[in-house]
Amino acid sequence: MVSQREVWVVVASQNPVKQEAVRRAFQRVFSGAAVRVEGVAVPSGVRAQPVGDAETRRGARQRAIHARAAVAEADFWVGLEGGVAWQGEDLFSFAWAAVLRADGVWGEARTAAFALPPRVVAFLQAGLELGEADDRVFGERNSKQKMGAVGLLTAGLIDRTALYEHALVLALIPYGEAWQRAL
């Protein structure tokens, strides 16, 4: 845990799920600090539905960079990018979290991955983004700003906020005391 008076974090998204995940992760890691979270809409520079680790990670990093360009005065900028990747015959969903600190130090981590069901995969193969595919299959509306695919598939046991929060805590490791002792 890191102690500080106030931490200003700019999230490269207007999505309330992503902003809440960032808020929770930073409050856990920077306990005792007032955490200020602000969202900005910025491009990722990758496809609407990134495929593979490399493209998804690049999207998260580019989002953080663009957030810094939009709001230069913050302490941290965070990009979150959801992607999919084939593992054999199965298509898995996951996300990358990229955190950029004002001094240029990066922290990054990937969420857990989970298999997508055939009907969702079919919509993705037809060119839809995962959130839109989920909405069609599960009869939801704007599910990516709620529990997301993981929440729909786990019946709410793990929602998108929790999935992202875990990866964000891991992405914050380079800013902690243990990391500094291990340099």
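Structural data are supplied above this passage.
Definitions and limits used
Residues numbered from 1 in each chain as written. Predicted model: local features only at pLDDT ≥ 70, side-chain atom pairs only at ≥ 80, totals over all residues. Heavy atoms only, no water. Phe/Tyr/Trp six-rings, centres within 6.5 Å; stacked < 30°, edge-to-face > 60°. Buried < 20%, exposed > 50% of the residue type's maximum accessible area, 1.4 Å probe, protein only. Lys NZ or Arg CZ within 6 Å of the ring centre and 35° of its normal. Helix = DSSP H or I, 4+ residues; strand = E, 2+ residues; numbered from the N terminus. Contact = heavy atoms within 4.5 Å. Salt bridge = Lys/Arg side-chain N within 4 Å of Asp/Glu carboxyl O.

## Topic: the packing of aromatic side chains
Point 1. All told, the structure shown has four aromatic pairs when counted by the stated rule.
Point 2. Judged by centre distance (5.6 Å) and plane angle (10°), the rings of Phe26 and Phe30 are stacked.
Point 3. Overall, Phe26 belongs to the buried group, its relative accessible area being 0%.
Point 4. Of the residues examined, Phe30 reaches a relative accessible area of 2% and is grouped as buried.
Point 5. Chaining the aromatic ring pairs together yields one cluster made of Phe26, Phe30, Phe76 and Tyr175.
Point 6. Between the NZ or CZ atom of Arg36 and the centre of the ring of Trp8, over which it lies, the distance is 4.0 Å.

## A closer look at helix α4 (residues 130-138)
Point 1. Within α4, burial applies to Leu130, Gly131, Ala133, Asp134, Asp135 and Val137.
Point 2. In this fold, the buried residues of α4 make contact with β4 (90-101), α3 (118-125) and α5 (148-153).
Point 3. Just downstream of α4 lies Gly139, where phi reads positive at about 65°.

## Quick notes on the pattern of salt bridges
Pairs can form between side chains of opposite charge whenever their charged atoms are close.
Point 1. Counting across every chain of the model gives 13 salt bridges.
Point 2. Arg61 is paired through a salt bridge with Glu108; the nearest N and O atoms lie 2.9 Å apart. Placement of Arg61 in helix α2 (residues 53-70) and of Glu108 in strand β5 (residues 106-110) is noted, with a sequence separation of 47 residues between them.
Point 3. Exposure remark for Arg61: the relative accessible area of 25% places this residue in the partly exposed category.
Point 4. When its relative accessible area of 24% is taken as the criterion, Glu108 is described as partly exposed.
Point 5. Look at the salt bridges and you will find they share partners, linking Glu20, Arg23, Arg24, Arg28 and Glu165 into a network.

Interpretation in functional terms is not warranted from these geometric data alone.
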